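# Fold and contact review
One letter stands for each residue in the lines below.
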Amino acid sequence: MLLRVDLQELAEIADSRMKTLFISCVGSHMWSMQSPESDIDLVMIYIAPTRSILRGDRISLTVRQHISARGGDIYDTLGWEIGHFINQLIKGNVNAIWYVTSPLVIKPSNIQEELSALVQANLCRQTYHSIKGMAESQIKSEEKPAEKPRIAGKGYRTALRTINFGIKLLSEGRICFAPVLRTPGAEEVMEKMHRLDEAYVASPLPDRPDEDAFREFLLRLRLEEMARG
């Protein structure tokens, strides 16, 4: 199914000046939890021309969500410029971590592989706050009155997979996309949230990532892009 992704069409979503560095599939497919009705969620990471940045030209830090239908599938695509992406990784944004470490890379590159290795070498306690915020939002999506038709139990399932991801990251320093293929109850989810808190307190990871390593990575990319003209 994923082989039907039209990379040229995706590239055209971004500003024509931007070069796509890699494209990853996230969402339910990343967790091996997709159903036949699931959208295919894609993220493009692109780089703006260094010359444009130095000139002070206006550049797009993100590409807004773009939804399209192809071959019977719904594609939900967004994009982040590499500078914005690096800043989010330094902040410990769990979405950014997922974007670069997803096991489903649609357009691979050496840049994605190197950055994924850098992220995994710099896992830190700071990511706890993003993970917990994500899980709390997913729990609320299950508990609040439905404003539109939704899949019962989805909020608790997505919350539990996020929490499990956080526990594994904080306690073992590992990235693990373990699916949740059953519907947990509210009590189980909240008990796991408590375990997430405990994992944060006891985590042997550093408080923050090595920011200089990420900044040097970005600087090298900018200089290489400018050298290519």
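About the cut-offs
Residues numbered from 1 in each chain as written. Predicted model: local features only at pLDDT ≥ 70, side-chain atom pairs only at ≥ 80, totals over all residues. Heavy atoms only, no water. Pairing = 2+ DSSP bridges. Helix = DSSP H or I, 4+ residues; strand = E, 2+ residues; numbered from the N terminus. Axes fitted to C-alpha atoms, helices over the stretch in contact; angles between N-to-C directions. Contact = heavy atoms within 4.5 Å. Expected span 1.5 Å × (residues − 1). Buried < 20%, exposed > 50% of the residue type's maximum accessible area, 1.4 Å probe, protein only. Arc of directions from axis to C-beta. Polar contact = N/O pair within 3.5 Å; in protein donor to acceptor, adjacent residues only side chain to side chain. Core = buried A, V, L, I, M, F, W, Y, C linked by side-chain atoms within 4.5 Å.

Time to look at the sheet that holds strand E5 (residues 105-107). Spatially, the five strands line up as an open sheet ordered E3-E4-E2-E1-E5, and their pairing is mixed. Since the sheet does not close on itself, it has two edges, and those belong to strand E3 (62-70) and E5, each with one partner. Here the average twist between neighbouring strands, direction ignored, is 25 degrees. Bridging between strand E1 (residues 19-26) and E5 involves two bridges; their strand directions are antiparallel. By the bridge assignment, serine 24 is partnered in E5 with valine 105. Contacts from helix H4 (residues 82-91) reach E1, strand E2 (40-47), E3 and strand E4 (73-81) within the one sheet, and its direction differs from that of E4 by about 85 degrees. Sitting on the sheet, helix H10 (residues 211-228) touches E1, E2 and E4, and the angle it makes with E2 is about 70 degrees.

All right, on to H10 then. In this model H10 runs 26 Å from its N-terminal to its C-terminal C-alpha over 18 residues, within 8% of the 26 Å that 1.5 Å per residue would give. Those residues of H10 that fall on the buried side of the exposure criterion are Phe214, Phe217, Leu218, Leu221, Arg222 and Glu225. Along the long axis of H10, the arc covered by the buried residues comes to 130 degrees, so they all point the same way. Seen from the open side of H10, the exposed residues pointing more than 90 degrees away from its buried face are Asp212, Glu216 and Ala227. In this structure, the buried side of H10 is in contact with E1, E2, helix H3 (50-55), E4, H4 and helix H6 (110-120). At the N-terminal end of H10, a side-chain oxygen is found 3.3 Å from the backbone nitrogen of aspartate 212, two or three residues along, and the residue is aspartate 210. Of the residues flanking the end of H10, it is glycine 229, one or two places downstream, whose phi is positive at about 75 degrees.

Our focus in this paragraph is the nonpolar core. Counting 51 residues, the largest nonpolar core has Ile82, Phe85, Ile86, Leu89, Leu115 and Phe165 as its most contacted members. If one sorts the elements of this core by residue count, helix H8 (residues 154-172) sits on top with eight residues. The next biggest cluster of nonpolar side chains, apart from the first, holds seven residues, and it includes Ile23, Cys25, Ile40 and Ile106.

Such coordinate-based values are descriptive only and should not be taken to indicate function.
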